[in-house]
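Inside the fold
Read off the chains here:
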Amino acid sequence: MKLRILKSAVTNPWFNLATEDWIFNTLNPDSHTLFLWRNSETVVIGRSQNPWVECKIDKMEADDVFLARRQSGGGAVFHDLGNTNFTFLSPKADYDQDANFTIIVNALKKLGIDAEQSGRNDMQVGDKKISGSAFKHASDRSFHHGTLLVNANMQKLGDYLNPHPLKLKAKGIKSVRSRVANLVEFNEHINHETLTDAIIEAFCEYYQDTDYDDTTPVEELDRDTLAKEPSLNAYYEQMADWNWRFGKTPQFSHHVETRFDWGIIDLHMDVQQAVITDVVIFSDALNVELIDLLKDTLTGIKYDKHEINAKLAELGKAHPELAAQIDDVSAWLTSEMEG
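Remember, it's a predicted structure, so these values are computed and weren't measured experimentally.

This part is about the overall build of the protein chain. A tally of regular secondary structure across the protein chain gives 12 helices and 15 strands. Seen through its C-alpha atoms, the protein chain measures out along the principal axes to roughly 80 × 40 × 30 Å. The burial tally for the protein chain puts 51% of its 339 residues in the buried class. Sequence-distant contacts, at least 24 apart, represent 73% of the contacts inside the protein chain between residues at least 6 apart. Counting only carbon and sulfur atoms, one obtains 46% of the accessible surface of the protein chain, whose full area is about 15,300 Å².

Below, the discussion takes up the sheet that holds strand S3 (residues 42–45). Spatially, S4-S3-S5 is the arrangement adopted by the three strands of the open sheet, whose pairing is mixed. Unpaired on one side and paired on the other, strand S4 (66–69) and strand S5 (77–79) mark the two borders of the sheet. Here the strands of the sheet are splayed against their neighbours by 25° on average, with no regard to which way each runs.

We now examine the packing of aromatic side chains. A complete count under the given rule lists 15 aromatic pairs for this structure. Aromatic side chains Phe203 and Tyr207 sit 5.6 Å apart centroid to centroid with 80° between the ring planes, which places their arrangement in the edge-to-face category. With relative accessibility at 1%, the residue Phe203 sits in the buried group. You can call Tyr207 buried: its relative accessible area is 8%. Measuring from ring centre to ring centre gives 5.1 Å for Phe252 and Tyr303, while their planes differ by 90°; the resulting arrangement is edge-to-face.

As a further point, take a negative patch on the surface. Judged by side-chain charge, Glu289, Asp292, Asp296 and Glu321 come together as a negatively charged surface patch. Classification of Glu321 by relative accessible area gives exposed; the value is 51%.

Here is what the cut-offs are and how they apply
Residues numbered from 1 in each chain as written. Predicted model: local features only at pLDDT ≥ 70, side-chain atom pairs only at ≥ 80, totals over all residues. Heavy atoms only, no water. Helix = DSSP H or I, 4+ residues; strand = E, 2+ residues; numbered from the N terminus. Buried < 20%, exposed > 50% of the residue type's maximum accessible area, 1.4 Å probe, protein only. Contact = heavy atoms within 4.5 Å. Areas by Shrake-Rupley, 256 points an atom, 1.4 Å probe, with all protein chains shown as cover. Pairing = 2+ DSSP bridges. Axes fitted to C-alpha atoms, helices over the stretch in contact; angles between N-to-C directions. Phe/Tyr/Trp six-rings, centres within 6.5 Å; stacked < 30°, edge-to-face > 60°. Patch = residues over 30% accessible without salt bridge, like charges linked within 9 Å, V, L, I, M, F, W, Y side chains within 5 Å. Salt bridge = Lys/Arg side-chain N within 4 Å of Asp/Glu carboxyl O. Lys, Arg positive; Asp, Glu negative; His and termini not counted. Charge placed at Lys NZ, Arg CZ, Asp CG, Glu CD.

The following block contains the structure:
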């Protein structure tokens with residue numbers, strides 16, 4: 001059995017999460033594989049999470065922050081270039097979760113940082129969390145991935161992961177915030193390159209007394225890899241697709257209410273797979289046709305403020321006598337959707 005070391009030269013999260021799925025589902029499991037990577041500014045949500053509950057979608061769009069949904073469970077996290085991410089893949093029969101944590105702890109020791117495993121998922125320095133992990137298993141392989149806070153922007157973490165309190169009744173998993181610290185607080189010289197070098201060294205050292213091949217090269221992955229690996233490209237297309245990032249959201253409802261000078265609007269939307277499936281509107285507005293048109297227009301479209309704005313703009317053009325009221329509703333509703 002051999003060791004395999006992969007390192008991404010790409011900071012696009014859809015590429016890196018696709019690479020993880022490619023590693024887990026496609027690569028021959030008869031080796032211990034280490035994958036190291038980092039992402040540009042990204043909110044990564046778990047498979048069963050609601051992005052509108054977990055993060056500020058509008059602010060992310062304005063700041064060109066990625067939204068990514070991973071295949072595994074767990075909570076929402078913020079990644080930037082100050083995060084270093086690691087992935088271990090092993091044959092199920094040889095999988096040793098403690099070994100993976102030991103490799104990371106040993107790597108940090110090389111950099112003068114005394115870390116320890118905390119519970120099943122995390123690592124800490126003192127009482128501060130510096131790493132979280134998640135796990136996945138199949139019949140013949142096991143998968144362990146996690147993130148290390150190197151020099152992450154904690155302010156932005158708060159900016160994007162503290163959602164506006166929308167009136168949402170959401171199913172799925174909500175995140176729990178933890179006390180965290182960056183590794184630069186314990187070693188001011190640490191960075192992504194020094195950390196990944198230390199992890200690679202610790203990975204190879206851990207297995208040096210076994211029959212593993214100790215001449216393992218580091219394979220650099222870049223966008224050209226997509227063309228060489230059709231299955232990897234397929235995973236990338238899935239990760240980048242709106243229907244995966246938003247459409248896989250568990251069912252939820254959104255209730256908003258306001259008063260215009262022409263009447264009250266009390267609007268209830270049921271949303272399944274990010275599509276508005278049912279709309280109920282209570283109103284004292286004199287024009288009943290307006291209410292019926294709003295309900296019909298909103299039903300069956302994506303729960304997406306750009307699409308809602310576009311559909312209501314079309315409705316206003318088709319009914320110029322109601323355009324002012326429709327514009328009022330559009331501006332109000334899309335503002336209420338901004339997390």
